[in-house]
Amino acid sequence: SQTIHQWPATLVQPVGSPLSLECTVEGTSNPNLYWYRQAAGRGLQLLFYSVGIGQISSEVPQNLSASRPQDRQFILSSKKLLLSDSGFYLCAWSGGLDTQYFGPGTRLTVL
Amino acid sequence: AQRVTQPEKLLSVFKGAPVELKCNYSYSGSPELFWYVQYSRQRLQLLLRHISRESIKGFTADLNKGETSFHLKKPFAQEEDSAMYYCALSEDGNNRLAFGKGNQVVVIP
């Protein structure tokens, strides 16, 4: 069966520090991969999605970037965190035009 | 611009009472609508999607294109229905989901 992992589960980082959040999927190949963020008092916002290795689409301009170095690995990064980057980050996968399956999430606090 | 609107942030209902979560969307094409749910200490998961036209855990939702709504309903709420509910929209089936802000549902025993 397919599973999706995210780490770390929680992270506290100072302003200006770099960020790397990792998401991996098991049990499927060539999934669509997504990064969402939920900021306080707001809904889930799609940040990036990927339909294949090296193919990244950005939904909103921001301080973050995403990469997909392997088929089932999706990384969310930042060179310098801002206070506004705090939030709950969710990774999801889907098998094409199908239901999205979400990971457990990473709670990021930027101080 | 907000494409999916869920007006009530918090909804408290007594066990056995009906529950309705409102969802309105803004899209002129052929949308695909979903309801996702997150129970306490669990992952966000799909509850139902409009193309399936099925009832899940007693919940139903009907897509009303005239009113651009996809309200979620259950005639008799149960305690295990307490959760966060998100309405989501996929435009023309591209599988990029736009979520509403969510509704926190609390079912009072």
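Residues numbered from 1 in each chain as written. Chains lettered and ligands numbered in written order. Predicted model: local features only at pLDDT ≥ 70, side-chain atom pairs only at ≥ 80, totals over all residues. Heavy atoms only, no water.

K.L.:
It is not clear to me how unusual backbone geometry should be interpreted in this structure. Could you clarify?
P.N.:
Backbone geometry follows two general trends: most residues other than glycine have a negative phi, and most peptide bonds adopt the trans configuration. Residue A:Pro8 is bonded to the preceding A:Trp7 through a cis peptide linkage, with omega at 0 degrees. Here A:Pro8 lies in the loop between strand E1 (3–7) and strand E2 (10–13). In this structure, B:Thr68 takes a positive phi of about 45 degrees despite not being glycine. Among the secondary structure elements, B:Thr68 is positioned in the loop between strand E7 (60–61) and strand E8 (72–74). According to the relative accessible area criterion, B:Thr68 is partly exposed, its value standing at 25%. (Helix = DSSP H or I, 4+ residues; strand = E, 2+ residues; numbered from the N terminus. Buried < 20%, exposed > 50% of the residue type's maximum accessible area, 1.4 Å probe, protein only.)

K.L.:
Looking at this model, I keep getting lost on the nonpolar core. Mind explaining?
P.N.:
Residues and elements named next belong to chain B. In this structure, Leu21, Trp35, Leu47, Leu48, Leu72 and Tyr85 are the most contacted members of the largest nonpolar core, which totals 25 residues. With four residues, strand E9 (residues 83–91) is the largest single contributor of residues to this core. Filtering out sequence-adjacent residues up to four positions away, Tyr85 remains in contact with Gln6, Leu21, Trp35, Tyr36, Val37, Tyr39, Leu47, Phe59, Leu72, Gly102, Asn103 and Val105. (Core = buried A, V, L, I, M, F, W, Y, C linked by side-chain atoms within 4.5 Å. Contact = heavy atoms within 4.5 Å.)

K.L.:
What is the right way to read the state of the cysteines from this model?
P.N.:
Where two cysteines share a covalent bond between their sulfur atoms, that bond is called a disulfide. If you walk through the whole model with that rule in mind, you get two disulfides over all chains. Linked covalently through their sulfurs, A:Cys23 and A:Cys91 form a disulfide whose S-S length is 2.0 Å. Residues A:Cys23 and A:Cys91 share a disulfide whose torsion about the S-S bond is about -75 degrees; that sign makes it left-handed. Of this pair, A:Cys23 sits in strand E3 (residues 19–26) while A:Cys91 sits in strand E9 (residues 87–94); the two residues are 68 residues apart in sequence, bridging distant segments of the chain. Note on accessibility: A:Cys23 and A:Cys91 belong to one class, buried. In this model, B:Cys23 is linked to B:Cys87 through a disulfide, with the two sulfur atoms separated by 2.0 Å. Measuring handedness by torsion sign, the sulfur bridge of B:Cys23 and B:Cys87 sits at about -70 degrees and is left-handed. Residue B:Cys23 is located in the loop between strand E3 (19–21) and strand E4 (24–25), and its partner B:Cys87 is located in strand E9; the two are separated by 64 residues in the primary sequence. With relative accessibility at 0%, the residue B:Cys23 sits in the buried group. By relative accessible area, B:Cys87 is classed as buried at 0%. (Disulfide = S-S within 2.5 Å.)

K.L.:
How do you make sense of a nonpolar patch on the surface when you look at a structure like this?
P.N.:
All names here are of chain B. Taken together, the side chains of Leu10, Phe14, Val106 and Ile108 define a hydrophobic patch exposed on the protein surface, amounting to about 360 Å² of accessible area. Mapped onto the nonpolar patch, the elements with two or more residues apiece are strand E2 (10–14) and strand E11 (103–108). With respect to the secondary-structure elements, Ile108 resides in strand E11. Classification of Ile108 by relative accessible area gives partly exposed; the value is 30%. (Patch = residues over 30% accessible without salt bridge, like charges linked within 9 Å, V, L, I, M, F, W, Y side chains within 5 Å. Areas by Shrake-Rupley, 256 points an atom, 1.4 Å probe, with all protein chains shown as cover. Salt bridge = Lys/Arg side-chain N within 4 Å of Asp/Glu carboxyl O.)

K.L.:
Please clarify how the sheet that holds E8(B) should be interpreted in this entry.
P.N.:
Hydrogen bonding along the main chain pairs the strands of a sheet, whether they run parallel or antiparallel. Residues and elements named next belong to chain B. Read from one edge to the other, the open sheet built from three strands follows the order E3-E8-E7, with strand pairing classed as antiparallel. Of all the strands in the sheet, the pair left with one neighbour each is E3 and E7. Note: E3 against E8, three bridges, orientation antiparallel. For Glu20, the partnering residue across the bridge sits in E8 and is Lys73. (Pairing = 2+ DSSP bridges.)

K.L.:
In this structure, what is going on with the packing of aromatic side chains? I would like to understand it.
P.N.:
Centre distance and the angle of the planes are the two values used to describe a pair of aromatic rings. For the structure on display, the rule yields 11 aromatic pairs over all chains. An angle of 85 degrees between the planes, with centres 5.6 Å apart, marks the rings of A:Phe102 and B:Tyr36 as edge-to-face. Of the two residues, A:Phe102 is situated in strand E10 (residues 101–102) and B:Tyr36 in strand E5 (residues 31–38); the pairing between them involves two chains. Overall, the relative accessible area of 4% leaves A:Phe102 in the buried class. (Phe/Tyr/Trp six-rings, centres within 6.5 Å; stacked < 30°, edge-to-face > 60°.)

K.L.:
When you look at the interface of chain A and chain B in this model, what are you seeing that I'm missing?
P.N.:
How large an interface is tends to be reported as the accessible area lost when its parts come together. Taken together, the contact pairs 22 residues of chain A with 14 residues of chain B. Interface of chain A and chain B: buried area, both sides summed, is about 1600 Å²; carbon and sulfur atoms make up 50% of it. For the interface between chain A and chain B, the tally reads one salt bridge. Across the salt bridge formed by A:Glu59 and B:Arg96, the nearest N and O atoms sit 3.2 Å from each other. The tally of links from chain A across to chain B stands at six residue pairs in polar contact (both at pLDDT 80 or more). Contributing elements (two or more residues each) for the side of chain A that touches chain B: strand E4 (32–38), strand E5 (44–52) and E9 of chain A. (Buried area = accessible area lost by both parts, 1.4 Å probe. Polar contact = N/O pair within 3.5 Å; in protein donor to acceptor, adjacent residues only side chain to side chain.)

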